[in-house]
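Chain and residue survey
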Amino acid sequence: MFSHGAKRSWEEIQYPLSSVKVVGENSIYAATLGKGVYRREAGFDWSQLNEGLPDATSVNRLILQQDVLHACTDHGLYYLKGDSWCSSDIAIPCFQYRRQGGCNLAATQYGIWENSGAGWSRLAMPNSVVYDILLLPHYIIAAYDQGIALYDRYTDAWAEFPLDGAVTGLTVYGSRVLGITEQGELAVGNTRGGFEKYRFGSLFMFAVRTIGHDSFVCTDRGVYRICGFQGSIRLQSVQLGMPVTDVDFSGDRIHMATLFQGVQTVTNPVC
């Protein structure tokens, strides 16, 4: 159970963080690589929240779907009920969870899995590691261990775009699909039916996030906002000085999951 007696601050527990999620007005959740999940509520310090999770769980992503917090872990997909984690009956490494209407999709070590109410079953790409998925009105887009794949719901057909390695994260910026490669590059849809990879100086990119109308990249030097200029992609610094793996917002505050300095919070500058 959640115990106020187990309170600690990030000055005492310096674990690498993989994800951060703000829930409601008073709670922030932080996911670690190997130490499960921590929570901080208004007026309290960070406390471990691992009941229901296997020992030494690594959390790949925290996902909030319909006000329910989910954890994509190396042991499967879990959801938070009260102060305990419950299994979603996927017991293989999970990297992303999306819900749209009555359809649930999970990106896993063994392809994309679907649950429409009758339990989980494999939907596509059984021989691929799928790291992220986007659900668009006409398409499902997948980031996988060879690049990016696109499923056309109308034609029931997949198109693959190999990128000489894995793509680990996806978002949409304007009319373009963006991805993060395992080499720390930005993959950008080129409007000609393909993708091109870009490196911005010596930056290594960990993740790309769209929150509201803004898109951000988390890098080994901090957080940057994506800004378009004459059809090209530009980066504007938001907060520099530390490796950041994930971001989330509450009001005008940006919360950053870092590799070495816990959760850092700053005011979100206007682009």
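My aim in this report is to walk through the structure given alongside it, one point at a time. (Residues numbered from 1 in each chain as written. Predicted model: local features only at pLDDT ≥ 70, side-chain atom pairs only at ≥ 80, totals over all residues. Heavy atoms only, no water.)

A few words now on unusual backbone geometry. The phi torsion at D67 lies on the positive side, around 65°, for a residue other than glycine. Mapped onto the elements of the fold, D67 is located in the loop between strand 5 (59-65) and strand 6 (68-73). Here D67 falls in the exposed class, since its relative accessible area comes to 72%. The backbone of D89 sits at a positive phi, close to 70°, despite the residue not being glycine. In this fold, D89 is placed in the loop between strand 8 (84-87) and strand 9 (94-100). (Helix = DSSP H or I, 4+ residues; strand = E, 2+ residues; numbered from the N terminus. Buried < 20%, exposed > 50% of the residue type's maximum accessible area, 1.4 Å probe, protein only.)

Below, the discussion takes up the nonpolar core. L105, I112, M125, V130, I133 and A142 are the most contacted members of the largest nonpolar core, which totals 13 residues. Among the elements of the structure, strand 10 (103-108), strand 13 (130-135), strand 14 (139-144) and strand 15 (147-152) are those that each provide at least two residues to this core. Every residue in contact with I112, bar those within four places of it in the chain, is listed here: L105, A106, S121, R122, L123, A124, M125, V130, I133, A142 and W158. (Core = buried A, V, L, I, M, F, W, Y, C linked by side-chain atoms within 4.5 Å. Contact = heavy atoms within 4.5 Å.)

Glancing now at the layout of surface pockets. Considering only enclosed or pocket space, the largest pocket measures out at about 450 Å³ in volume. Lining the largest pocket are 20 residues, with N60, R61, T168, F206 and A207 sitting closest to its centre. Elements supplying a minimum of two residues to the lining of the largest pocket: strand 1 (17-23), strand 5, strand 17 (167-173), strand 18 (176-181) and strand 21 (205-211). Examining the composition of the lining of the largest pocket, we find that 4 residues originate from one element, strand 21, more than from any other. Considered class by class, the residues forming the lining of the largest pocket number 11 nonpolar, 6 polar and 3 charged. Taken as a whole, the second largest pocket holds about 320 Å³ of empty space. Around the second largest pocket, the lining comprises 19 residues; the ones closest to its centre are K21, I63, R98, R209 and T210. Those elements that provide at least two residues to the lining of the second largest pocket are strand 1, strand 5, strand 9, strand 17, strand 21 and strand 25 (244-250). Per-element accounting of the lining of the second largest pocket gives the leading share, 5 residues, to strand 5. A breakdown of the residues in the lining of the second largest pocket according to their chemical character gives 7 nonpolar, 5 polar and 7 charged. (1 Å grid on protein atoms, 1.4 Å probe; cavity = no way out; pocket = protein on both sides within 12 Å on 5 of 7 lines; lining within 4 Å. Points joined across faces, edges and corners; volume = space filled by probe spheres on them. Nonpolar A, V, L, I, M, F, W, Y, C, P; charged D, E, K, R; others polar.)

On to the pattern of salt bridges. Considering all chains together, one arrives at 7 salt bridges under this definition. The partner of R98 in a salt bridge is D132, with the nearest N and O atoms 3.5 Å apart. Of the two residues, R98 is situated in strand 9 and D132 in strand 13; the sequence distance between them amounts to 34 residues. Each of R61, R98 and D132 takes part in a single network of salt bridges with overlapping partners. (Salt bridge = Lys/Arg side-chain N within 4 Å of Asp/Glu carboxyl O.)

Right, let's talk about the sheet that holds strand 12 (residues 120-124) for a bit. Spatially, the 4 strands line up as an open sheet ordered 9-10-11-12, and their pairing is antiparallel. With partners counted over all chains shown, the strands left at the sheet margins are strand 9 and strand 12, one partner each. Going from strand to strand, the sheet's axes swing by 30° on average, the running direction of each strand aside. As paired elements, strand 10 and strand 11 (residues 111-115) share 5 bridges and run antiparallel to each other. Within the sheet, the bridge partner assigned to A107 lies in strand 11 and is I112. (Pairing = 2+ DSSP bridges. Axes fitted to C-alpha atoms, helices over the stretch in contact; angles between N-to-C directions.)

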